Structure formats: C-alpha cells, structure tokens
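# Reading the structure
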Amino acid sequence: RLASQLRRILSASLPLFAAGVVVMLFFKLDYFVLAQYASARDIGHYSAAMRVMEMYVAVANLALMQFYPGLAAAFQSNRDRYIANLRFCFRFAYGAATLIVIANLALGERLILWLLGPAYEPVAHYSTAFCLLGFPLLSGTVRAFAISLEQLHRTHFQSALLGFGLAIPLLLMLVPKLGFR
C-alpha cells in the first residue's frame, strides 16, 4: 500500500522534478556561455548585476506567493473566480516587474555606484537590463500556480525543455553583442 502510494507520487512528480532540473540548468547556462567569451572580471560584474535582479524578483515572488491560497480555494469552488484571480495575479506580476525596472532605473543604478564605487559601473549599467527578466520570471510564478492547480506537470516539463533549447542559440548570439568578448 505504501509502496504503491510512493510510486504514484513519484510518477506524478517526476515531470515536475525534471522541469525543475531543466529550469535550474537554464538559469546557470548563461555563466557557461559567458565563460567562453569573457574574463573572470566580466563574469563577476555579470553575476553581481544578476544578483541585483534576483533580489528584486525574490521580494516580488514572496508577495505573489500570498495569493496562492486564495487562488487554490477559488480553483476548488468557482471556476470564474479562479480565472479572475489568476488574471489578477498576472496583472500583479507584470506590475511588479514594471516597478522593479523603474525603481532600478531611478535609484538602483545610483545606489550601486554609491555603495560599491566606480569599479562597479558595469554592474549598475547591466542591472536594469537584467531587471527586465522580472517579466518572464514573475509571470512564470503565476503560470506555475496554474500548472500546479490544473496538474499540467508534463506540459511544464515540455515548456522548460523548449525554453532551454531556445536559450542556447539566443545566448550564443547575445552574449558577444553585449560587449563580453
């Protein structure tokens, strides 16, 4: 009985686990590509600029997580309310991403230069560009809510593979054009 439950859980969660591994690789792929074109100093600046974006997105994701219990309750009880709540979550995600970009443009770049000094000018410069990643990342959190509630885990895995497959040629094109040689 326990063994069959475990097999059922593992079978259901395997696509979600595999998608998580692909997403994790996707988020580190840029460092491997960049290492082919850039110096260690450039990679350090790139990494620091990415951390700025990740900090903003982590806070916005925490805020988004507060909507999940209500979304799950609506999914169980009222399809129309669920769809309305899901749309609200997407609007919140896009609004938060917009706010992240504006805040970094208005204050973040100057704050980085003030705190870290002129040697970190590339970090300040690239941080706003990287903050644009807040749009797909935060909307991805909302998509993950729907995938989880509607049990579309295999679709999530397929989407992750597609994104990973598209990321490789895109990174090979963009990384040298951003000035990392």
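Let me sum up the structure you'll find in this document. All values reported here derive from a predicted model rather than from experimental measurement. (Residues numbered from 1 in each chain as written. Predicted model: local features only at pLDDT ≥ 70, side-chain atom pairs only at ≥ 80, totals over all residues. Heavy atoms only, no water.)

In this section: helix H4 (residues 79-116). By the largest-angle criterion, asparagine 104 marks the main kink of H4, which is about 50°. Taken together, the buried residues of H4 touch helix H2 (40-65), helix H3 (68-77), helix H5 (121-131) and helix H6 (134-150). At the N-terminal boundary of H4, the capping side chain belongs to asparagine 78, with an oxygen 3.0 Å from the backbone nitrogen of aspartate 80. Glycine 117 lies just past H4 and shows a positive phi near 95°. (Bend = angle between axes of the 7 residues up to and from the residue. Helix = DSSP H or I, 4+ residues; strand = E, 2+ residues; numbered from the N terminus. Contact = heavy atoms within 4.5 Å. Polar contact = N/O pair within 3.5 Å; in protein donor to acceptor, adjacent residues only side chain to side chain.)

This part takes up the packing of helix H1 (residues 2-35) against H2. At their nearest, the axes of H1 and H2 sit 11 Å apart, and the two run at 160° to each other. When the interaxial angle is binned, H1 and H2 end up roughly antiparallel. In the crossing of H1 with H2, the sense of the turn from one axis to the other is right-handed. Packed against H1, whose contacting residues are Lys28, Asp30, Tyr31, Leu34 and Ala35, the element H2 presents Ile43, Tyr46, Ser47, Met50 and Arg51 at the interface. Residue classes in the contact of H1 with H2 are distributed as six nonpolar, one polar and three charged. (Axes fitted to C-alpha atoms, helices over the stretch in contact; angles between N-to-C directions. Parallel < 35°, antiparallel > 145°, perpendicular 65-115°, else oblique. Left-handed = near helix turned anticlockwise from the far one by under 90°. Nonpolar A, V, L, I, M, F, W, Y, C, P; charged D, E, K, R; others polar.)

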